[in-house]
Amino acid sequence: MRRKLAAGNWKMNGLQANLSEVRTLNELAKDAQCDVLLCPPAPLIGAIAAEGGVVKAGAQDCHTAVSGAHTGEISAEMLADAGAKYVILGHSERRADMGETDTIVRDKTQAAWTAGLVAIVCVGETLDQREAANTLDIIGGQLAGSIPDGASGLNLVVAYEPVWAIGTGLTPTTDQIGEVHDFIRTRLERRFGTGVGRSTRILYGGSMNPKNVTEIAAVSNVDGGLVGGASLKAADFNVIVQALST
Ligand SMILES: O=C(CO)COP(=O)(O)O
């Protein structure tokens, strides 16, 4: 049985003052029956980790190298050293804004694993790709290209985030979500074996909120959520945590 994961992606939002939300969430979610994760901007990772409690800290990116002459970059080892347990990789905003390719995401995933982090690898289609009936081809290609050999079931989480659903208030139908999640499960089992494939968690992301989480969480092979906007306020995110705890 896979333990569900409620993961918040704060994106480029959050100051020291917002640590009060983390303290509130730690209190509200202290009896959560799912894993709870917040991925803030890098300057807040250490502070969130230092809070202790049920809320774990994660990052939103890492470099492929361990150290060296890469001004402005942060390695996976540094994230782990700051207390991060997970790192989001290949988010569509980074694929679009920073030109991250599947190959780069694969190398970053390898770096995350070497540092002992769980990699949350994001995949998802654009609206054009969905309308052209290319969704599964796109997702299959991203999975094959972005995940290195060596998935263990514990070191990898896959997040399905349709690009057109991110920050838009739009969500796919539950049938559409189920189709993609079942497809991802099949691909993971085929490539890494049934045991690893079945123990890898698959999150849904894209306008998940307190109102739609229960319906989405009931879809086959949905093992949690990767939540943007609704993770910024503890009260909202706690509703999602509680829905994923059942
Ligand atoms: O991109 C996302 C999480 O990584 C989803 O963002 P929203 O929940 O704001 O749509």
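Cut-off values and rules
Residue positions are counted from 1 within each chain, in the order its sequence is given. For this predicted model, a pLDDT threshold of at least 70 governs which residues receive local features, and a threshold of 80 or more governs which side-chain atom pairs are given and counted, while totals over whole chains, interfaces and linings are taken from all residues. The side-chain figures draw on all heavy atoms in the structure; neither hydrogens nor water molecules are used. UniProt positions are given in the numbering used here, feature names are shortened, and annotations may be inferred rather than shown by experiment. Starting at the N terminus, helices and strands are each numbered in turn, a helix being any DSSP run of H or I of at least four residues and a strand any DSSP run of E of at least two. Any two strands with at least two DSSP-identified bridges between them are counted as paired. Lines fitted to C-alpha atoms define the axes here, with helix axes fitted over just the stretch in contact, and angles between the N-to-C directions of these axes take values from 0 to 180 degrees. What makes two residues a contact is simply this: any of their non-hydrogen atoms within 4.5 Å. Partly exposed describes any residue whose relative accessible area lies between the buried limit of under 20% and the exposed limit of over 50%, with all areas from a 1.4 Å probe on protein chains only and scaled to the type maximum. The definition of a polar contact used here is a pair of N or O atoms within 3.5 Å, where within protein one atom must be able to donate a hydrogen and the other to accept one, and adjacent residues in sequence count solely through side-chain atom pairs. Any residue with a non-hydrogen atom lying within 4 Å of a molecule or strand is treated as near it. Only the protein chains shown count as cover for residues, with accessible areas throughout obtained via the Shrake-Rupley method and a probe of 1.4 Å. To estimate the expected span of a helix, subtract one from its residue number and multiply by 1.5 Å.

- The name recorded for the chain in an unreviewed UniProt entry is Triosephosphate isomerase, from Amylibacter marinus.
- In the Sequence similarities (unreviewed entry) part of its UniProt record, the chain is described as follows: "Belongs to the triosephosphate isomerase family."
- Reading the Subcellular location (unreviewed entry) entry of the UniProt record for the chain gives the comment "Cytoplasm".

1. Some words on the environment of Gly 229
Item 1. Take Gly 229: it is sitting in the loop between strand E8 (224–227) and helix H11 (234–244).
Item 2. C-alpha of Gly 229 to C-alpha of Gly 145: the two residues are 84 residues apart in sequence and 28 Å apart in space.

2. Observations regarding the sheet that holds strand E2 (residues 35–39)
Item 1. Read around the barrel, eight strands follow the order E1-E2-E3-E4-E5-E6-E7-E8 and close on themselves; strand pairing throughout is parallel. Put simply, the sheet's adjacent strands are angled 25° from each other on average, direction ignored.
Item 2. Relative to strand E6 (residues 156–160), strand E5 (residues 118–123) is paired through five bridges, and the arrangement is parallel. Considered in E6, the bridge of Val 121 is made with Val 158.
Item 3. The strands that helix H8 (residues 174–192) touches are E5, E6 and strand E7 (201–205); relative to E7, the one it contacts most, it runs at about 150°.

3. Things to note about the side chain of Lys 108
Item 1. Take Lys 108: it is sitting in helix H5 (residues 102–114).
Item 2. Among the residues examined, Lys 108 registers a relative accessible area of 7% and is labelled buried.
Item 3. If we ignore the near neighbours within four places in the chain, the residues touching Lys 108 are Asp 61, Cys 62, His 63, Thr 64, Leu 89, Arg 94 and Glu 100.

4. Let's talk about the pairing of E6
Item 1. With five of five residues buried, E6 is to be regarded as a mostly interior element.
Item 2. Taking every second residue as pointing to the same face, both faces of E6 are buried, with Leu 156, Val 158 and Tyr 160 on one and Val 157 and Ala 159 on the other.
Item 3. Examined bridge by bridge, E6 and E7 share four bridges and lie parallel to one another. Bridge pairing in E7 places Tyr 160 opposite Tyr 204.

5. Some thoughts on the side chain of Asp 61
Item 1. By secondary structure assignment, the location of Asp 61 is in the loop between strand E3 (55–59) and helix H3 (76–81).
Item 2. Side chain to side chain, Asp 61 and Lys 108 meet in a polar contact 2.8 Å long.
Item 3. Contacts of Asp 61, omitting those with residues within four sequence positions, involve Leu 79, Val 87, Ile 88, Leu 89, Arg 94, Glu 100 and Lys 108.

6. Quick word on the UniProt feature "active site" (unreviewed entry) in the chain
Item 1. Within this numbering scheme, the UniProt entry marks His 91 and Glu 161 as carrying the feature "active site" (unreviewed entry). In summary, the annotated positions, though distributed over 71 residues, converge in three dimensions, the widest C-alpha pair being only 8.3 Å.
Item 2. Contacts of His 91, omitting those with residues within four sequence positions, involve Asn 9, Lys 11, Cys 122, Glu 161 and Ile 166.
Item 3. Here Glu 161 shows up in the loop between E6 and H8.

7. Remarks on the site of the ligand
Item 1. Close to the ligand lie 13 residues; Lys 11, His 91, Gly 167, Ser 207 and Gly 228 are nearest.
Item 2. Between the ligand and Gly 228, the relevant distance is 2.8 Å, taken from an oxygen atom to a main-chain nitrogen or oxygen of the residue.
Item 3. Taking Gly 229, its main chain carries an N or O atom lying 2.9 Å from an oxygen atom of the ligand.
Item 4. Considering the ligand on its own, with 310 Å² of exposed area, one finds that the protein chains cover 94% of that surface.

8. Considerations on H8
Item 1. Here H8 is 19 residues long and its end C-alpha atoms lie 26 Å apart, about the 27 Å a rise of 1.5 Å per residue gives.
Item 2. Buried within H8 we find Ile 177, Gly 178, Val 180, His 181, Phe 183, Ile 184, Arg 185, Leu 188 and Phe 192.
Item 3. A positive backbone phi angle near 95° is found at Gly 193, which sits one or two residues after H8.

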